[in-house]
Amino acid sequence: MTAARAEGNAKLAALIARHPAGDATDLVQLLQDIQEEFNYLPEDAIHAAAAHVCVPVTKAFSVATFYRAFSLKPRGKTIIKVCLGTTCHIRGAPVVVDDIRTGLGVGPGETTKDMAFTVEVVNCVGACALAPVVIAGSRYLANVKPGTITRLLGAK
Amino acid sequence: MRFATVRDLETRSERMAAADAHVRRRVLVCSGTGCAAGGALDLYEKLVAQCRKVKLEVEVELAPCGEAKEPLYAAVTGCQGLCQMGPLVQILPDDILYTHVTPDKAKDVVAKTLVGGEVIEKLLYKDPESGKRISKRDEIPFYKGQRFIALEGCGRVQATSLDAYIARGGFSSLIKALGMKPEAVISEVEKSGLRGRGGGGFPTGRKWRSCVEAEGEERFVICNGDEGDPGAFMDCCIMEGDPFRVLEGMMIAAHAVGAKRGFIYVRHEYPRAVERLQKAIADCRETGLLGERILGSGLSFDVRLSRGGGAFVCGESTALMRSIEGNVGEPRAKYVRSVQKGLYDKPTVLNNVETFACVPAVIREGGEWLAKIGTKRSPGTKAFCLVGKVRNTGLIEVPMGTTLRSVIYGIGGGIIDGRPFKAVQTGGPSGGCLPESALDLPVDFDALIGAGSMMGSGGMIIMDDRTCMVDVAKYFLHFLLEESCGKCVPCREGIFQLHAMLEAMSTGRSQAGDLEKVRRLAEDIAASSLCGLGKSAPNPVLSTLRYFEAEYRAHIENHKCPAGVCRELTTFQIDKDKCTGCMVCVKACPPEAITGEKKKPHAIDEAKCTRCGACRTVCGYDAVQTR
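Cut-offs and rules
Residues numbered from 1 in each chain as written. Chains lettered and ligands numbered in written order. Predicted model: local features only at pLDDT ≥ 70, side-chain atom pairs only at ≥ 80, totals over all residues. Helix = DSSP H or I, 4+ residues; strand = E, 2+ residues; numbered from the N terminus. Rg over C-alpha atoms; globule rule 2.2 N^0.38 Å. Buried ≥ 20, exposed ≤ 12 C-beta atoms within 10 Å, placed from the backbone. Contact = placed C-beta atoms within 7 Å. Pairing = 2+ DSSP bridges. Axes fitted to C-alpha atoms, helices over the stretch in contact; angles between N-to-C directions. Domains from an automatic or database assignment. Parallel < 35°, antiparallel > 145°, perpendicular 65-115°, else oblique. Left-handed = near helix turned anticlockwise from the far one by under 90°. Nonpolar A, V, L, I, M, F, W, Y, C, P; charged D, E, K, R; others polar. pLDDT = per-residue confidence, 0-100.

**Focus on the overall build of chain B**
Part 1 of the argument: Of regular secondary structure, chain B possesses 24 helices and 20 strands.
Part 2 of the argument: For a compact globule of 627 residues, the expected C-alpha radius of gyration is about 25 Å, and chain B comes in at 26 Å, within 12% of that figure.
Part 3 of the argument: In terms of overall dimensions, chain B has a C-alpha envelope of 75 × 65 × 40 Å along the principal axes.
Part 4 of the argument: Burial analysis of chain B (627 residues in total) assigns 56% to the buried set.
Part 5 of the argument: Contacts spanning at least 24 positions in sequence make up 72% of the contacts within chain B whose residues lie at least 6 apart.

Here is the structure:
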């Protein structure tokens, strides 16, 4: 077992221990904490979570695949969330998605090969005054104009 | 500090009210989503640090103080409304509202205003018509005509401070309610005529009564903070800006229906709301405002926060309850209503954030007070998010019955760049688009439904002539297509087909007769879907068809998109008479399809053009036209 893996396991164990054992209603919250820690849901973590709250693994997977917030694949270092709320849509968000596809070579739900960026689309982040808005990590990019997003992301 | 009795809380409230009255000057920094994204929290830190640097004593928490001390108090508040001009800073009692206060302006604000007592002209709101600077918040047209009930404390008090909340009479409604019989609380809410602010408009009092009458030992109170409608962030603002008020509303409901446990279900896209509510819940537990025998009364109540998983359907009550139980959020048919069999099949009251935020005011002022505000069938006020192609984007609250026109043109200041108004979209993906002819409709539950839209949770998206209604309808269908949970066929397959038909229209692949097919399928989906999501899914299509049929026909019959949005049906060209040769579009064009020299008309190379519309957006002379 590599050091990184062991560290991951220790983190997972500590995180799971903070949740009450056998409480099936806590499943969604537990998976959220795991995703927050690891940036995605590793397969063995889903197994561990299912065992901890005493539900079948199939149920844990059904929950993990139902909610949009969960990712079963490792995600990039920076998560780019392109807001596709109505305001962003009518103020040009679709062009921003296209620009990202051209600039980074990946579309929504995909990760760049170097694991630097994962592109996601979200339905409204409540920052309509800044439309169209892109959130890169914790940075809000406001009033994104066509052809500028790649530069704003610092990818080029 | 623990409030064992009502008297304990009252004593603390009096002390904090006195401390609040002693504040010499307060600086309130807005931390609504728009302002925060613009650096408001950084600005706050800088303001405080700068004050300390120049030896200006500043309090960051409202603290019981000695009589002589009159502190300067700087606090972060929830949304102050005018997001368009953020970050916002209010200085009281001077009554100054500063706009666009980026963090680099902290030094100036401290030196000139807080120390020098001088008003910084260029940070004041500038009236677009007269060019005059306006200092007082309530004289800005955006704030005129508004009335705050649900947003009463939002943007006015330190959002995260229990002391600040009780200093302004917070939890006095809880005290009053605890002194009343549950039955009396319910009848007060019934008298107020308060209807659910989540969009359904179901009478709140009647819901509470049905819950009490339902059989069962245990009951639950749930606050729905899964605000999923795109373009709506009122509930987010309330949860972030006045979290204790939401809890107080829930406690009053718990007393009324006899619930011991409550849940707040918050959308995971709202991390700040989660954080502040969690802090508020922890503070309430610590002080005994949540827990066993609250304030020495018979009420024992605790609240747990559940973070949503990013599924729109979970805003639907039965799906939300399944999600709290740790399951996938699939709705069920409502043969039995959730007030009778809700969470864990127990009687459950579920109201949305704004409804709970209205409850303390109803108890404090009495039901009849609210019933006199607004319209007869929709009493009270409603919070809206005014967004889209409107000049003043922001969070507003108006009495029911206010016309759409006065909201859009009075408060909103009209359309960006003076372009023509085309439609207003309300009700999110379940609502509809209303045209110019509907602008004099009063905002209330029934009038909007009558016109083919609905109130919804409060998103109000303004569209101009450069918005294509087929594209808007397609946008909502795409949204719902992704969010349909897949349980019932009409919704899962029907929306898929409907979307495909609109996609065909917007790419020039549709044929005569398609309009009828769209209409028929839309009606079938509405009639046969299992839950509200599917039943209302065709609304955006049906309402745009009702008012903008000609635009659909242009797509189908002429393969043209009059608004110039659908790329396959649009060709851009530059009007040589209007073009001034300013080079702005040349620089903005991503595929570099525009050529031209300075001061000479430019031209678009159609072969290179991707029809993204960037040139049209940036052109200040209306020279880019569609053909």
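Moving on, there is more to tell.
**What about the sheet that holds strand 2 (residues 58–59) of chain B?**
All names here are of chain B.
Part 1 of the argument: With mixed pairing, 5 strands are arranged side by side in an open sheet as 2-3-1-4-5. The open sheet has two edge strands, strand 2 and strand 5 (96–98), and neither has a second partner.
Part 2 of the argument: Both strand 1 (residues 25–30) and strand 3 (residues 72–77) contribute to a ladder of 6 bridges, which runs parallel. For R25, the partnering residue across the bridge sits in strand 3 and is L72.
Part 3 of the argument: On top of the sheet, helix 3 (residues 40–53) reaches strand 1, strand 2 and strand 3; it is set at about 155° to strand 1, its chief contact.

**Things to note about the domain arrangement of chain A**
Accessible area lost when the parts come together is the quantity often used to give the size of an interface.
Part 1 of the argument: Assigned domains of chain A: these are domain 1 (3–66) and domain 2 (78–152).
Part 2 of the argument: Computed from C-alpha coordinates alone, the two centres of domain 1 of chain A and domain 2 of chain A are separated by 29 Å.

**Focus: the sheet that holds strand 1 (residues 78–83) of chain A**
Hydrogen bonds between backbone atoms are what pair the strands of a sheet, whose relative direction is either parallel or antiparallel.
Residue and element names in this part refer to chain A.
Part 1 of the argument: The strand order across the open sheet built from 4 strands is 2-1-3-4, with neighbouring strands paired in mixed fashion. Single-partner strands in this sheet number two, and they are strand 2 (117–122) and strand 4 (139–141). Neighbour to neighbour, the strand axes of the sheet diverge by 20° on average, direction disregarded.

**Quick notes on helix 12 (residues 317–324) of chain B**
Part 1 of the argument: Within helix 12 of chain B, 8 of the 8 residues are buried, leaving the element largely enclosed by the surrounding structure.
Part 2 of the argument: Three or more residues of helix 12 of chain B are buried, namely S317, T318, A319, L320, M321, R322, S323 and I324 of chain B.
Part 3 of the argument: On the buried face of helix 12 of chain B, the contacting elements are helix 2 (27–38) of chain A together with strand 8 (220–225), strand 9 (261–266), strand 10 (302–307) and strand 11 (348–352) of chain B.
Part 4 of the argument: Phi for G326 of chain B, located one or two positions after helix 12 of chain B, is positive at around 90°.

**Topic: the packing of helix 2 of chain A against helix 4 (residues 57–66) of chain A**
Residues and elements named next belong to chain A.
Part 1 of the argument: Relative to each other, helix 2 and helix 4 sit at 65°, their axes nearing to 11 Å. As judged from the angle between their axes, helix 2 and helix 4 are roughly perpendicular. Along this stretch, helix 2 crosses helix 4, giving a crossing that reads as right-handed. Contact residues: helix 2 offers L27, V28 and L31, while helix 4 offers A60, V63 and A64.
Part 2 of the argument: Its residues assigned to classes, the contact of helix 2 with helix 4 shows 6 nonpolar, no polar and no charged.

**Brief notes about the interface of chain B and chain A**
Part 1 of the argument: The partner chain A presents 36 residues to the 43 residues of chain B that form the contact.
Part 2 of the argument: Residue assignment for the side of chain B that touches chain A shows that the elements contributing at least two residues are helix 2 (33–37), strand 10, helix 12, strand 12 (381–388), strand 16 (459–464), helix 17 (469–483) and helix 24 (614–618) of chain B.
Part 3 of the argument: Residue composition of the side of chain B that touches chain A, by class: 19 nonpolar, 20 polar and 4 charged.

**A closer look at the pairing of strand 9 of chain B**
All names here are of chain B.
Part 1 of the argument: Where burial is concerned, most of strand 9 is hidden: 5 out of the 6 residues are buried.
Part 2 of the argument: Relative to strand 9, strand 8 runs parallel, the two sharing 6 bridges. Across the sheet, the residue bridging to F220 is R261, located in strand 9.
Part 3 of the argument: Sheet analysis places strand 9 next to strand 10, joined by 6 bridges and oriented parallel. Considered in strand 10, the bridge of Y265 is made with S306.

**Some remarks on the domain arrangement of chain B**
Residue and element names in this part refer to chain B.
Part 1 of the argument: What the domain assignment reports for chain B is domain 1 (16–136), domain 2 (169–371), domain 3 (381–464), domain 4 (469–557) and domain 5 (571–626).
Part 2 of the argument: Distance between the C-alpha centres of domain 2 and domain 3: 27 Å.
Part 3 of the argument: The residue inventory of the side of domain 2 that touches domain 3, partitioned by class, reads 5 nonpolar, 5 polar and 5 charged.

**Points about the packing of helix 3 (residues 43–52) of chain A against helix 4 of chain A**
All names here are of chain A.
Part 1 of the argument: At a closest axis distance of 9 Å, the pairing of helix 3 and helix 4 adopts a crossing angle of 120°. If you check the angle between helix 3 and helix 4, you find them oblique. Of the two elements, helix 3 crosses helix 4, and the hand of that crossing is right-handed. Residues I46, H47, A49 and A50 of helix 3 touch helix 4, and the partners they reach there are V57, K59, A60, F61 and A64.

**Describing the environment of E592 of chain B**
Part 1 of the argument: Tracing the backbone shows E592 of chain B in the loop between helix 23 (584–588) and strand 18 (594–595).
Part 2 of the argument: Residue E592 of chain B is classed as exposed on the basis of its C-beta count, with 11 C-beta atoms lying within 10 Å.

**A word on the confidence of the model for chain B**
Residues and elements named next belong to chain B.
Part 1 of the argument: Of all residues in chain B, 99% attain a pLDDT of 70 or more, and the chain-wide mean is 92.
Part 2 of the argument: Mean pLDDT across the elements of chain B bottoms out in helix 20 (residues 532–536) (86) and peaks in helix 10 (residues 243–257) (98).
Part 3 of the argument: Overall fold confidence (pTM) sits at 0.92, and the ipTM for the predicted complex is 0.88.

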